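The lines below spell out each chain.
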Amino acid sequence: KSSKREWKPLEDHSCTDVPWLLLFILFCIGMGFICGFSIATGAAARLLSGYDSYGNICGQKNVKVEGIVNSGLDLTHKKYVFFLDPCNIDLVHQRIKSLALCVSACPQKELKTLADIQKFAETNGSTLCSYELQPSEYTTDPRAAKLCPKYPVPESAPIPFFHRCAPVNISCYAKFAEALITFVSDSSVLHRLISGVMTSKEIIMGLCLLSLVLSMILMVIIRYISRVLVWILTILVILGSLGGTGVLWWLYAKQRVSDSAVESQIAKDNLQALLIYAISATVFTVILFLIMLIMRKRVALTIALFHVAGKVFIHLPLLVFQPFWTFFVLILFWTYWITVLLFLGTTGSPVPNEEGFVEFRMVGPLKYMWWYHVVGLIWISEFILACQQMTVAGAVVTYYFTREKRNLPFTPILASVNRLVCYHLGTVAKGSFIITLVKIPRMILMYIHTQLKGKENACARCMLKACICCLWCLEKCLTYLNQNAYTATAINSTNFCTSAKDAFVILVENALRVAAINTVGDFMLFLGKVLIVCSTGLAGIMLLNYQRDYTIWVLPLIIVCLFAFLVAHCFLSIYEMVVDVLFLCFAIDTKYNDGSPGREFYMDKVLMEFVENSRKSMKEAGRGGGAEGRELKPM
């Protein structure tokens with residue numbers, strides 16, 4: 001009898017996992033302390049105003065650093081940082097390896113000789129050589145070769161808000177980019193790729209907007225025509241994959257004939273890219289057809305599930321905008337995190353380095369603030385994502401367990417947010433911390449694997465990859481279990497461990513149903529992502545094809561397709577969450593209710609018919625058996 005009273009949907013609300021909420025608050029206070037410490041030690045001023053190689057902050061009076069010449073200067077009128085050799089980049093430490101000075105103005109035109117540098121100083125009052133040299137000594141003092149900038153001095157402009165003089169022509173930074181992009185063996189290839197992106201930036205932005213519009217349209221289609229969506233989606237994917245593959249082969253054949261007499265490198269690169277795209281599209285189409293052939297008998301079972309999920313979006317339209325709010329909050333947090341990270345890069349005490357210049361380093365226990373800050377990035381990001389999952393779960397649970405849909409709250413999303421903030425932040429903090437505990441070792445192993453690349457033996461490399469793969473699988477399993485635990489918490493207001501245990505038991509008892517629903521449902525949503533990516537990619541091919549004679553569009557097309565997949569994933573992941581929450585609610589409903597008076601079902605009749613059809617189909621395929629239990633009868 002007590003087990004029947006364990007689930008009281010929306011009846012009791014109590015605070016869950018309060019100690020974990022207090023721990024999370026203390027951790028956030030620690031994050032705030034790091035930010036305050038970095039600002040109090042002058043890191044913010046050094047980051048925004050800049051500082052020279054002697055420890056002086058530009059644009060203000062400075063305190064003398066013991067043992068460092070040229071420190072403690074009054075640089076009130078010198079507000080910009082100027083590097084004598086801005087193109088001398090240290091690839092190991094990823095910084096500009098050059099003497100830095102504070103100057104009054106950046107050189108707005110190229111200075112080719114010391115005489116030009118001297119004239120610039122006399123005309124503008126901005127001395128570009130070291131402080132110990134006077135402008136009259138630039139052409140006569142032999143030390144000018146080391147203490148003056150390497151010429152020709154490129155035309156520079158100050159970076160907004162950061163007061164650094166940066167060359168207007170950033171071609172000297174191409175070497176740094178080439179060192180980071182190891183697969184580019186010819187520097188001219190990198191230059192052509194970058195020029196292709198810059199030339200096609202309007203098309204890229206338009207195609208990214210197109211992917212966003214297509215994702216919104218697909219959500220509307222799912223909402224209103226869910227009964228025929230699966231078949232429409234399947235047909236469109238078949239036509240899209242066949243059409244995309246055919247267009248690629250047609251463009252390849254056409255361009256091969258038209259460019260047979262053209263010897264330009266750009267034409268050859270585009271022809272090779274078309275061949276690679278055509279072969280990849282052909283392989284992908286074949287694999288997609290094989291998967292759809294195997295799952296063809298289960299496609300019809302997804303229609304009813306999508307129909308019920310579509311009803312949820314009709315009653316809860318704000319669910320569509322949930323990715324926007326989550327993304328907006330993540331962007332705000334990541335901006336804050338990167339800002340504090342930059343502060344940490346300039347915080348600490350001034351210490352002379354081997355060259356006699358000043359570096360700011362943290363000593364003692366404070367140097368471990370970096371690790372604390374990195375853990376904060378992972379935990380708080382996972383916390384924000386978990387809040388989204390709990391919000392969606394709470395709203396869908398409210399919909400499912402409200403018998404009269406007319407009695408739903410005016411805004412179930414805001415009601416779910418209110419319950420989350422008032423009762424369940426501790427549960428979200430605990431669940432996100434568990435994911436963090438798995439992510440950190442995996443990231444450490446990935447870093448070790450990257451650092452030892454080419455040095456370790458085959459056995460060690462295999463073991464590292466196996467450990468990384470196992471941790472990745474564990475993380476995905478825990479993420480799925482966490483999501484169902486949040487649903488159980490939203491239903492019964494129990495703590496995280498109890499909810500995770502109850503949800504796990506429910507999922508194990510309905511293993512066949514979980515396999516059927518998740519496999520078919522997730523595959524259909526994957527087809528939706530494929531449709532958006534293919535449509536955006538096809539539009540990109542047709543638009544970028546007009547620029548094939550003067551630009552390479554390999555990289556622009558890749559950027560557009562990646563963005564389209566990201567947008568489609570963000571929108572359809574909400575639909576996937578709704579489906580998973582609906583299923584767990586349904587499984588709990590069928591376990592603790594039987595349709596008799598006093599124990600009536602909460603479920604929608606369409607969802608009941610869906611599971612019954614699924615059970616019958618699985619029996620026909622020889623995979624059902626007695627695992628499905630009694631015949632279910634809706635209220």
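Structural notes, computed from the coordinates. Just so we're clear, the structure is a prediction, and the values are computed from it rather than from any experiment.

## So, the overall build of the chain
When its secondary structure is counted, the chain shows 18 helices and eight strands. Across the 635 residues of the chain, 46% fall into the buried class. Carbon and sulfur atoms make up 67% of the accessible area of the chain, which amounts to about 32400 Å² in all.

## What to know about the packing of helix H12 (residues 369–400) against helix H13 (residues 412–451)
Here H12 crosses H13 at 140 degrees, and the two axes come no closer than 5 Å. In terms of orientation, H12 lies oblique with respect to H13. Here H12 and H13 pass one another in a crossing that is right-handed. Of the residues in the contact of H12 with H13, the class split is 19 nonpolar, eight polar and three charged.

## Focus on the layout of surface pockets
Considered as a void within the structure, the second largest pocket measures approximately 1500 Å³ in volume. As for the second largest pocket, its lining consists of 41 residues, of which Leu-385, Gln-388, His-569, Ser-573 and Met-577 are closest to the centre. A total of eleven residues in the lining of the second largest pocket trace back to one element, the largest contributor, which is helix H17 (residues 554–592).

## Describing the side chain of Ser-156
Looking at where Ser-156 falls in the secondary structure, it is placed in strand E5 (residues 156–158). A relative accessible area of 6% places Ser-156 in the buried class. One polar contact links the side chain of Ser-156 to the main-chain carbonyl oxygen of Pro-154, over a distance of 3.2 Å. Each residue touching Ser-156, except ones within four places of it in the same chain, is listed here: Cys-106, Pro-107, Gln-108, Cys-165, Ala-166, Pro-167 and Val-168.

## Quick word on helix H14 (residues 458–492)
Think of an α-helix as turning once every 3.6 residues; residues three or four places apart then point the same way. Taking 1.5 Å of rise per residue, 35 residues should cover 51 Å, and H14 covers 51 Å from first to last C-alpha, within 8% of that figure. After H14 finishes, the residue Ser-493 shows a positive phi value of roughly 60 degrees.

## Details of the environment of Val-168
Considering the arrangement of structural elements, one finds Val-168 in the loop between strand E6 (165–167) and helix H5 (174–180). Separated by ten residues in sequence, Val-168 and Pro-158 have C-alpha atoms that sit 9.3 Å apart. When neighbours within four sequence positions are excluded, Val-168 is seen to be in contact with Glu-155, Ser-156 and Ala-157.

## Describing the nonpolar core
Core analysis: the biggest nonpolar cluster contains 78 residues, and Val-312, Phe-313, Leu-319, Val-396, Tyr-575, Val-578 and Leu-582 have the highest contact counts within it. Formed by 32 residues, the second largest nonpolar core is a distinct cluster that contains Leu-133, Ala-144, Cys-165 and Phe-360.

## Comments concerning the pairing of strand E8 (residues 358–361)
Where burial is concerned, the two faces of E8 differ: the one with Val-358 and Phe-360 is buried and the one with Glu-359 and Arg-361 is not. Two elements, strand E7 (residues 349–352) and E8, share four bridges in a ladder whose sense is antiparallel. By the bridge assignment for E8, Pro-350 is matched with Phe-360.

## Overview of a nonpolar patch on the surface
Among the surface-exposed residues, Val-18, Leu-22, Ile-25, Leu-26 and Ile-29 lie close enough to one another that they form a single nonpolar patch of about 470 Å² accessible area. Note on placement: Ile-29 falls in helix H1 (residues 18–40).

## Remarks on the pattern of salt bridges
Here the idea is simple: oppositely charged side chains can pair when their charged atoms come close. Inspection of every chain in the model, using the stated rule, returns four salt bridges. Two residues, Asp-141 and Arg-143, come together in a salt bridge whose shortest N-O distance is 3.1 Å. We classify Arg-143 as partly exposed; its relative accessible area is 42%. Residue Glu-382 pairs with Lys-439 through a salt bridge whose shortest N-O separation is 3.8 Å. Of this pair, Glu-382 sits in helix H12 while Lys-439 sits in helix H13, and the two are 57 residues apart along the sequence.

## Digging into the state of the cysteines
Applying the stated criterion across every chain, the model contains three disulfides. The structure places no disulfide on Cys-208, whose sulfur is separated from the nearest cysteine sulfur, that of Cys-561, by 9.9 Å. Residue classification places Cys-208 among the buried positions, given a relative accessible area of 13%. With no disulfide of its own, Cys-473 has Cys-469 as its nearest cysteine by sulfur position, at a separation of 4.3 Å.

## Description of the side chain of Ser-71
When you line up the elements, Ser-71 lands in the loop between helix H2 (43–49) and strand E1 (80–83). By relative accessible area, Ser-71 is classed as buried at 6%. When near neighbours in sequence (up to four residues on either side) are disregarded, Ser-71 contacts Tyr-54, Asn-56, Lys-64 and Val-65.

## Concerning the packing of aromatic side chains
In the structure shown here, the tally under the stated rule is 14 aromatic pairs. Seen in terms of ring centroids, Phe-24 and Phe-383 are 4.2 Å apart; in terms of plane orientation they differ by 20 degrees. Their pairing is stacked. Linking Phe-24 in helix H1 with Phe-383 in helix H12, this pair joins segments that are 359 residues apart in sequence. Look at Phe-24 and you get buried, because its relative accessible area is 7%. Residue class for Phe-383 comes out buried when judged on its relative accessible area of 12%. Of the aromatic side chains, those joined through ring pairs into one cluster are Trp-20, Phe-24, Phe-27, Tyr-372, Trp-379, Phe-383 and Phe-433.

## What to know about unusual backbone geometry
Positive phi is not limited to glycine here, since Asn-70 has a value of about 65 degrees. The topology assignment puts Asn-70 in the loop between H2 and E1. At Ser-493, a position not held by glycine, the phi torsion is positive, near 60 degrees.

## A few points about the environment of Gly-36
Here Gly-36 lies in helix H1. Taking the C-alpha atoms as reference points, Gly-36 and Val-340, 304 residues apart in sequence, are found 9.2 Å from one another.

## Here's the deal with the environment of Phe-571
Following the sequence through the fold, Phe-571 ends up in helix H17. We classify Phe-571 as buried; its relative accessible area is 4%. Once you skip the residues sitting within four places of it in the chain, Phe-571 turns out to touch Leu-212, Ser-215, Met-216, Met-219, Val-320, Pro-323 and Phe-324.

Reading the values: the criteria
Residues numbered from 1 in each chain as written. Predicted model: local features only at pLDDT ≥ 70, side-chain atom pairs only at ≥ 80, totals over all residues. Heavy atoms only, no water. Helix = DSSP H or I, 4+ residues; strand = E, 2+ residues; numbered from the N terminus. Buried < 20%, exposed > 50% of the residue type's maximum accessible area, 1.4 Å probe, protein only. Areas by Shrake-Rupley, 256 points an atom, 1.4 Å probe, with all protein chains shown as cover. Axes fitted to C-alpha atoms, helices over the stretch in contact; angles between N-to-C directions. Parallel < 35°, antiparallel > 145°, perpendicular 65-115°, else oblique. Left-handed = near helix turned anticlockwise from the far one by under 90°. Nonpolar A, V, L, I, M, F, W, Y, C, P; charged D, E, K, R; others polar. 1 Å grid on protein atoms, 1.4 Å probe; cavity = no way out; pocket = protein on both sides within 12 Å on 5 of 7 lines; lining within 4 Å. Points joined across faces, edges and corners; volume = space filled by probe spheres on them. Polar contact = N/O pair within 3.5 Å; in protein donor to acceptor, adjacent residues only side chain to side chain. Contact = heavy atoms within 4.5 Å. Expected span 1.5 Å × (residues − 1). Core = buried A, V, L, I, M, F, W, Y, C linked by side-chain atoms within 4.5 Å. Pairing = 2+ DSSP bridges. Patch = residues over 30% accessible without salt bridge, like charges linked within 9 Å, V, L, I, M, F, W, Y side chains within 5 Å. Salt bridge = Lys/Arg side-chain N within 4 Å of Asp/Glu carboxyl O. Disulfide = S-S within 2.5 Å. Phe/Tyr/Trp six-rings, centres within 6.5 Å; stacked < 30°, edge-to-face > 60°.

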